[in-house]
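# Inside the fold
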Amino acid sequence: MSEYNPPRGMRDIIGEDAELYEYLFEEFKSTARRHGFEPIITPTLEYFSLFEAKSGEEIKKSMYVFEDKAGRRVALRPEVTASVIRAYLRQLRARPKPIRLYYVAQCFRYEEPQHARYREFWQGGLEVIGDPDVNGDLAAATTASSFLEEIGVKHYYEVGNVAIYRAFMSAMGLSEEVQDHILHLIDKDRINEALSELKNLVGDKTEIIERLVSTEDLDKVESLVNEYKDFLGEKYERVIQEQSRLRDFITILRELGFNAKYQPKLVRGLAYYTGLIFEYKLENAPGAPSIGGGGRYDGLTMVYNGPFEYSTGLALGIDRIALALSGRELPRTYRKIAILVIGNAPLVIGYKILDRIVKTNRGVTGFVLKTKSLPKSLEYAGKIGVDYTVIIGEREYREGVVALKDMKTGEQVKLSIDELINRFSQ
């Protein structure tokens, strides 16, 4: 190991991989904007207390936490939602609601690196603040699906609802901290461990959770809720509302052509989720980790001493999506040109031509290359995927023309500079 290499779990992203990531960033931002979301950029470094308040058992343990030079306890963000809520409370509360925000951001968790999991990773996120209706959940969910469809990632939904579990556990007298822990165990598929701990706490009442976690038919879940109506007491109406949201969400997704199914074991690892939750799974990849997910976090504003606000959102794992697309040829939305200035032809003419081309056509990318050897420069241009070369030697410069070579067909023509500019302005 060299101290000049990236720390474990961190990476240099270069070449085709970097192109893929840039493509995903741009497509995610473009899709979010087209669906009515606007950008937000929050700090990479926050006070540790922001995440300590309500991030969840696992994330608290995996945060990069340290003291800055003033002795303040700070952390590299492990996720972005808490930062968005902090920014909302500080600067956005007076704005008309709902507020729809998107971000692309690096996050950090000190976890054991493994396939498709890094300590520094990228998320594309969507947040909707101030919409109590299932419409807010659908706005975020379908926007993310549009992005995945746009880039050719076939996916389906697994959907759950933590409010149902929390209502039953609250009726059992369990504190929020204990609930968080039990949900954490279920999220990690440590079902037997979760049930064993519950049995020590509430005895035979554990049967309710055991039945909930093993019932995949929504109709049967609703029958189960009705069976325990008296046990739930005043929480019964809330559970019925959450059941209705769950069913509406799945039904509408299916009517829109998406594959969505109820998954009782889905509870997700963040402690701030309050109701509907969902994950995106790759089709034809059984057992693969999710490529993203989200859900309701109503009232997270109150954790930070703000008023109650309805909130929902999601984050997609850009790294896992990039891995799913690895090896695919990216769609080219631009033409790549190289302007070759040969011998004693003045270098400035190359930059003048490039400036005119890129200003008249945003679908062109290019660069100027000063060279003494045309064959070597053409070979270089071919290796890096240049579509056209613009050749300017001393004779071309004196005559006020250029040679334009199509690198795919080999065809070469002489053009005036204005003709060249017009060619790339089309």
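Definitions and limits used
- Residues numbered from 1 in each chain as written.
- Predicted model: local features only at pLDDT ≥ 70, side-chain atom pairs only at ≥ 80, totals over all residues.
- Heavy atoms only, no water.
- pLDDT = per-residue confidence, 0-100.
- Helix = DSSP H or I, 4+ residues; strand = E, 2+ residues; numbered from the N terminus.
- Phe/Tyr/Trp six-rings, centres within 6.5 Å; stacked < 30°, edge-to-face > 60°.
- Buried < 20%, exposed > 50% of the residue type's maximum accessible area, 1.4 Å probe, protein only.
- Polar contact = N/O pair within 3.5 Å; in protein donor to acceptor, adjacent residues only side chain to side chain.
- Contact = heavy atoms within 4.5 Å.
- Salt bridge = Lys/Arg side-chain N within 4 Å of Asp/Glu carboxyl O.
- Pairing = 2+ DSSP bridges.
- Patch = residues over 30% accessible without salt bridge, like charges linked within 9 Å, V, L, I, M, F, W, Y side chains within 5 Å.
- Areas by Shrake-Rupley, 256 points an atom, 1.4 Å probe, with all protein chains shown as cover.
- Lys, Arg positive; Asp, Glu negative; His and termini not counted.
- Charge placed at Lys NZ, Arg CZ, Asp CG, Glu CD.
- Axes fitted to C-alpha atoms, helices over the stretch in contact; angles between N-to-C directions.
- 1 Å grid on protein atoms, 1.4 Å probe; cavity = no way out; pocket = protein on both sides within 12 Å on 5 of 7 lines; lining within 4 Å.
- Points joined across faces, edges and corners; volume = space filled by probe spheres on them.
- Nonpolar A, V, L, I, M, F, W, Y, C, P; charged D, E, K, R; others polar.
- Parallel < 35°, antiparallel > 145°, perpendicular 65-115°, else oblique.
- Left-handed = near helix turned anticlockwise from the far one by under 90°.

### Here's the deal with the confidence of the model for the protein chain
Overall, the prediction assigns the protein chain a mean pLDDT of 92, with 98% of residues at 70 or greater. Least confident of the elements in the protein chain is helix α3 (residues 57-62), whose mean pLDDT is 72; most confident is strand β1 (residues 38-39), at 98.

### Looking at the packing of aromatic side chains
Think of a pair of aromatic rings as described by two things: how far the centres are apart, and how the planes are tilted against each other in angle. Under the criterion given, the structure shown has 18 aromatic pairs. Arranged with centres 4.7 Å apart and planes meeting at 45°, the rings of F25 and W122 form a pair that is tilted. With F25 in helix α1 (residues 15-34) and W122 in strand β6 (residues 120-129), the pair connects residues that are 97 residues apart, well separated along the chain. Both residues of the pair, F25 and W122, belong to the buried class.

### A word on the environment of L354
Positionally, L354 belongs in helix α15 (residues 347-360). Since its relative accessible area comes to 12%, L354 is described here as buried. Sequence separation of L354 and D68 is 286 residues, and the distance between their C-alpha atoms is 46 Å.

### Examining the side chain of D319
Structurally, the position occupied by D319 is in helix α14 (residues 318-325). Polar contacts involving the side chain of D319 include one to the side chain of Y21, which spans 2.7 Å. With near-sequence residues (within four places) excluded, D319 lies in contact with R11, Y21, Y118, F121 and W122.

### Section: the pattern of salt bridges
Taken as a whole and assessed by the stated rule, the structure comprises 22 salt bridges. Here D298 makes a salt bridge to R296, at a shortest N to O gap of 2.8 Å. Each member of the pair D298 and R296 is classed as buried. Between D418 and R356 there is a salt bridge, with the nearest N and O atoms lying 3.1 Å from each other. Linking D418 in helix α18 (residues 417-425) with R356 in helix α15, this pair joins segments that are 62 residues apart in sequence. Accessibility expressed as a relative area gives 38% for R356, which makes it partly exposed. Overlapping salt bridges bring together D137, R245, R296 and D298 as one network.

### What to know about the pairing of strand β5 (residues 99-108)
A large share of β5 lies buried, amounting to seven of its 10 residues. Pairing between β1 and β5: two bridges, direction parallel. For P39, the partnering residue across the bridge sits in β5 and is Y102. For β5 and β6, the ladder comprises 10 bridges, and the chain directions are antiparallel. When the bridges of β6 are listed, R100 appears paired with V128.

### What about a negative patch on the surface?
Side chains of E16, D17, E19, E22 and E26 sit close together on the surface and give a patch of like negative charge. Here E16 is to be found in helix α1. Classification of E16 as exposed rests on a relative accessible area of 72%.

### Focus: the sheet that holds strand β7 (residues 155-161)
Strands sit in the order β1-β5-β6-β11-β10-β9-β7-β8 across an open sheet of eight strands; the sheet is mixed. The open sheet has two edge strands, β1 and β8 (260-262), and neither has a second partner. Pairing analysis gives five bridges linking strand β10 (residues 292-296) to strand β11 (residues 311-317), with the strands arranged antiparallel. Paired with G294 across the two strands is L314, which belongs to β11. Its contacts with the sheet place helix α12 (residues 236-255) against β7, β8, β9 (276-282) and β10, and it is angled at close to 170° to β7.

### Notes on the layout of surface pockets
The volume enclosed by the largest pocket comes to roughly 1,200 Å³. Lining the largest pocket are 50 residues, and of these R117, R268, E279, S290 and R320 sit closest to its centre. Taken together, the elements giving at least two residues each to the lining of the largest pocket come down to α3, β6, β7, α7 (176-187), β9, β10, β11 and α14. Considering every element that reaches the lining of the largest pocket, the biggest residue donor is β11, with five residues. A breakdown of the residues in the lining of the largest pocket according to their chemical character gives 22 nonpolar, 12 polar and 16 charged. By volume, the second largest pocket amounts to about 810 Å³. Surrounding the second largest pocket, 23 residues form its lining, E19, L330, P331, R332 and Y334 being those nearest its centre. Broken down by element, the lining of the second largest pocket gets its largest block of residues, 10 residues, from α1.

### Some words on the packing of α1 against helix α5 (residues 134-150)
Working note: a packed helix pair is described by the angle between its axes plus the distance between those axes. For the pair α1 and α5, the least separation of the axes is 9 Å and the interaxial angle reads 135°. Looking at the two axes, α1 sits oblique to α5. When the axes of α1 and α5 are compared, the crossing they make is right-handed. Facing Y23, L24, E27, F28, T31, A32 and R34 of α1, the residues of α5 in contact are T143, S146, F147 and E150. Among the residues making up the contact of α1 with α5, the classes are represented as five nonpolar, three polar and three charged.

### Looking at the sheet that holds strand β15 (residues 401-406)
What the five strands build is an open sheet, ordered β13-β12-β14-β15-β16; its pairing is mixed. Pairing within the sheet leaves two strands with one partner each, and these edge strands are β13 (364-371) and β16 (412-416). With direction set aside, neighbouring strand axes in the sheet form an average angle of 25°. Both β15 and β16 contribute to a ladder of five bridges, which runs antiparallel. In the strand pairing of β16, A403 is matched with K414. In the packing of helix α16 (residues 374-383) onto the sheet, contacts are made with β12 (335-342), β13, β14 (388-392) and β15, and the angle to β13 comes to roughly 150°. Taken strand by strand, α18 contacts β12, β13, β14, β15 and β16, and its axis lies near 110° from that of β16.

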